[in-house]
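Chain residues, written in single-letter form:
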Amino acid sequence: MKTSFVTGATGQDGSYLIRKLLSEGRRVCALVRRSSTSNMSRLADLTPGRQENGAELQFVPGDLTDGAGLIGILETYEPDEIFNLAAQSDVRESFNVPELTGNVDGLGTLRLLEGIRRLGLEKKTRFYQASTSELFGDVREKPQRETTPFAPRSPYAIAKLYAYWTTVNYREAYGIFACNGILFNHESPLRGENFVTRKITRGAARIREGLQETLRMGNIDSRRDWGHAEDYVEGMFLMLQQDSPDDYVLATGEQHSVREFLEIVFRDLDYDLVWRGTGVDEKGVDRRSGKTLVEIAPEFFRPTEVNYLCGDSSKAREKLGWRPKHSFETLVQDMLKNDVELAKRERANN
Ligand code: NAP
Ligand code: GDD
């Protein structure tokens, strides 16, 4: 039985990836960091121990800032695979906590790779690094692919740049099977509520149920390539099952603005969203009732913004056979259905 060690297990991607690995019959060691209130909500339905198909799940306490602890875990489990998903992953927040972000997202990756090297696991342990389309930042090419130059625009992206090159360096210097998945934005009903898609589906559903007045948004003209997290963890898994290590972009190749996302979600909730005014005074109004649904709130602007991301994932499609199953439409439906049900439950409990 292969052993997979997953960091970031309690996050969106960790939750989908653990299910995938268990379905593949893996023994999964999932890193969970200490918190004063439970951070296990996305894993609540999973029971640790032996699963029906013979797979096994264990939760392991630890933190990416604790190098000695990580080495202890690697020594104990000698994993065949590490999926390094743990990060301070909020780009806006990284401007507030740049040092922490560098420590977790940058040095955290180094700690794991150095652990592999020091324990002599270079030939045994394969390594996946959660790299990001944020590396392309102030984009130098459209669409962005593996060969597009990087131009990071936030402390988050700069920390991830360090992690990206550390992964490449440990592959080249020590022969570790280490891969970067350069993933474009991927969302789901399990997405954190601070990220824009979930903020919109959750907020709009709450407005519909009378639980919230308006959505206060930042730069709504920003454009992203949004896919479904369920598809993206399939790509992560495939990267570590190849004959040789490499770096791959995962993206849909389809792009929408935040403004379009708002329009689609409110349309699906039977509103007729129209835009009035300009700049920070712009408002999204329901044409029928005259109610203001969207306002611009400058506190959500970023000191430096990434305005445009759209990926070319031809390499992953050709070499890994990766094919996303979800469309943009099914992604929005999946998220909205979940958040409408959540808002209805919330209203019923009020
Ligand atoms: P997420 O939901 O924010 O999850 C982040 C995970 O990292 C959580 O489990 C969190 O634990 C954990 N974590 C944070 N700091 C830690 C620390 N010091 N030690 C150990 N664990 C720590 O992120 P996600 O959307 O699943 O993304 C997974 C990874 O892919 C991240 O590295 C992200 O930067 C990267 N990525 C994401 C996207 C995307 O669109 N989702 C695209 C490209 C790359 P708690 O639950 O305790 O907070
Ligand atoms: N979060 C947020 N909140 N973003 C807003 C808002 C708002 O109210 N209004 C507009 N936006 C814009 C942001 O300025 C950004 O341009 C875009 O919506 C997407 O923001 P997020 O959903 O926060 O995601 P992100 O693109 O910054 O980062 C996510 O994707 C990266 C991959 O490209 C995160 O998951 C990163 O961890 C990931 O690496």
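The sections below set out a description of the structure shown in this document. Starting from 1, residues in each chain are numbered consecutively following that chain's sequence as written. Chain labels run from A onward and ligand labels from 1 onward, assigned in the order the entries are written. For this predicted model, a pLDDT threshold of at least 70 governs which residues receive local features, and a threshold of 80 or more governs which side-chain atom pairs are given and counted, while totals over whole chains, interfaces and linings are taken from all residues. The basis for every side-chain value is the complete set of non-hydrogen atoms in the structure, without hydrogens or water.

1. Considerations on the site of ligand 2
A single heavy atom is enough: if one lies within 4 Å of a molecule or strand, its residue is considered near that molecule or strand. Neighbouring ligand 2 are 25 residues, the closest being Ser133, Tyr156, Ser222, Arg302 and Glu305. In protein, a polar contact means a hydrogen-donor-capable atom and an acceptor-capable atom, both N or O and within 3.5 Å, with residues adjacent in sequence counting only if both atoms are side-chain atoms; elsewhere, any N or O pair within 3.5 Å suffices. Between ligand 2 and the protein, one listed contact pairs an oxygen atom with a side-chain N or O atom of Tyr156 at 2.5 Å. Separating an oxygen atom of ligand 2 from a side-chain N or O atom of Arg224 is a distance of 2.8 Å. Against a free-state accessible area of 710 Å², the protein chains account for coverage of 94% of ligand 2. Secondary structure elements with two or more residues in the shell around ligand 2: helix H6 (196-208) and strand E9 (215-217). Side-chain classes follow a simple rule in which Ala, Val, Leu, Ile, Met, Phe, Trp, Tyr, Cys and Pro form the nonpolar group, Asp, Glu, Lys and Arg form the charged group, and the remainder, Gly included, forms the polar group. In terms of residue class, the shell around ligand 2 is made up of ten nonpolar, eight polar and seven charged. Method for areas: the Shrake-Rupley scheme with a 1.4 Å probe, in which residue coverage is limited to the protein chains shown. Helix and strand assignments follow DSSP, with helices taken as H or I runs no shorter than four residues and strands as E runs no shorter than two, numbered in order from the N terminus.

2. Points about the site of ligand 1
Around ligand 1 sit 25 residues, and of these Thr10, Asp13, Ser89, Tyr156 and Lys160 come closest. Backbone polar atom of Gln12 to an oxygen atom of ligand 1: 3.0 Å apart, as the coordinates give it. Protein contacts shield 89% of the accessible area of ligand 1, which totals 900 Å² for the unbound molecule. Mapped onto the shell around ligand 1, the elements with two or more residues apiece are helix H1 (12-23), strand E6 (126-132) and helix H5 (155-174). In terms of residue count, E6 provides more of the shell around ligand 1 than any other element does, three residues in total. For the shell around ligand 1, the class distribution of residues is ten nonpolar, ten polar and five charged.

3. Quick word on the packing of aromatic side chains
By convention, a stacked pair of Phe, Tyr or Trp rings (six-membered ring in the case of Trp) has centres within 6.5 Å and planes under 30 degrees apart, an edge-to-face pair has planes over 60 apart, and any other such pair is tilted. This structure, assessed with the given rule, holds eleven aromatic pairs. With centroids separated by 5.3 Å and ring planes inclined at 80 degrees, the aromatic side chains of Tyr232 and Trp322 adopt a geometry described as edge-to-face. Of this pair, Tyr232 sits in helix H7 (residues 229-239) while Trp322 sits in the loop between helix H9 (314-320) and helix H10 (328-349), and the two are 90 residues apart along the sequence. A relative accessible area of 1% places Tyr232 in the buried class. Buried, partly exposed and exposed residues are distinguished by accessible area as a fraction of the type maximum, computed with a 1.4 Å probe on protein chains only: under 20%, between the cut-offs, and over 50%, respectively. Trp322 sits in the buried class, given a relative accessible area of 1%. Grouped by ring-pair contacts, the aromatic residues Phe136, Phe150, Tyr164, Trp165 and Phe184 constitute a single cluster. Look at NZ for Lys and CZ for Arg. If either is within 6 Å of the ring centre and within 35 degrees of the ring normal, a charge sits over the ring. Note that Arg117 overlies the ring of Tyr174, its terminal NZ or CZ placed 5.0 Å from the centroid. Against the face of Tyr308 rests Lys142, its NZ or CZ located 4.0 Å from the ring centre.

4. Digging into the pairing of strand E14 (residues 273-276)
In the sheet, E14 pairs with strand E15 (residues 283-286) via four bridges, with the strands oriented antiparallel. Residue pairing across strands places Arg276 opposite Lys283, the latter belonging to E15. In this structure, the hairpin formed by E14 and E15 is closed by a connection of six residues, where Gly277 is found at a positive phi of approximately 85 degrees. Strands are treated as partners if at least two bridges between them are detected by DSSP.

5. Topic: the sheet that holds strand E4 (residues 56-61)
The strand order E3-E4-E2-E1-E5-E6-E7-E12 describes an open sheet built from eight strands, whose pairing is mixed. Looking at strand neighbours, the two that pair on one side only are strand E3 (49-50) and strand E12 (248-250), the edges of this open sheet. For strand E1 (residues 3-7) and strand E2 (residues 27-32), the ladder comprises four bridges, and the chain directions are parallel. Its bridge partner lying in E2, Ser4 is registered against Val28. For this analysis, residues touch if any pair of their heavy atoms sits within 4.5 Å. Only the stretch in contact is used when a helix axis is fitted, and all axes are lines through C-alpha atoms; the angle between N-to-C directions ranges over 0 to 180 degrees. Here H5 sits on the sheet in contact with E6 and strand E7 (178-183), set at roughly 150 degrees to E7.

6. Structural notes on the pattern of salt bridges
It is possible for side chains bearing opposite charge to pair when their charged atoms get close. Every case where a carboxyl oxygen of Asp or Glu lies within 4 Å of a side-chain nitrogen of Lys or Arg is listed as a salt bridge. Going through the model one piece at a time under the given rule, you end up with 28 salt bridges. A salt bridge links Glu282 to Arg259; the nearest nitrogen and oxygen atoms lie 2.7 Å apart. Highlighted residues: Glu282 in the loop between E14 and E15 and Arg259 in helix H8 (residues 258-268), separated in sequence by 23 residues. With respect to burial, Glu282 and Arg259 carry one shared label: buried.

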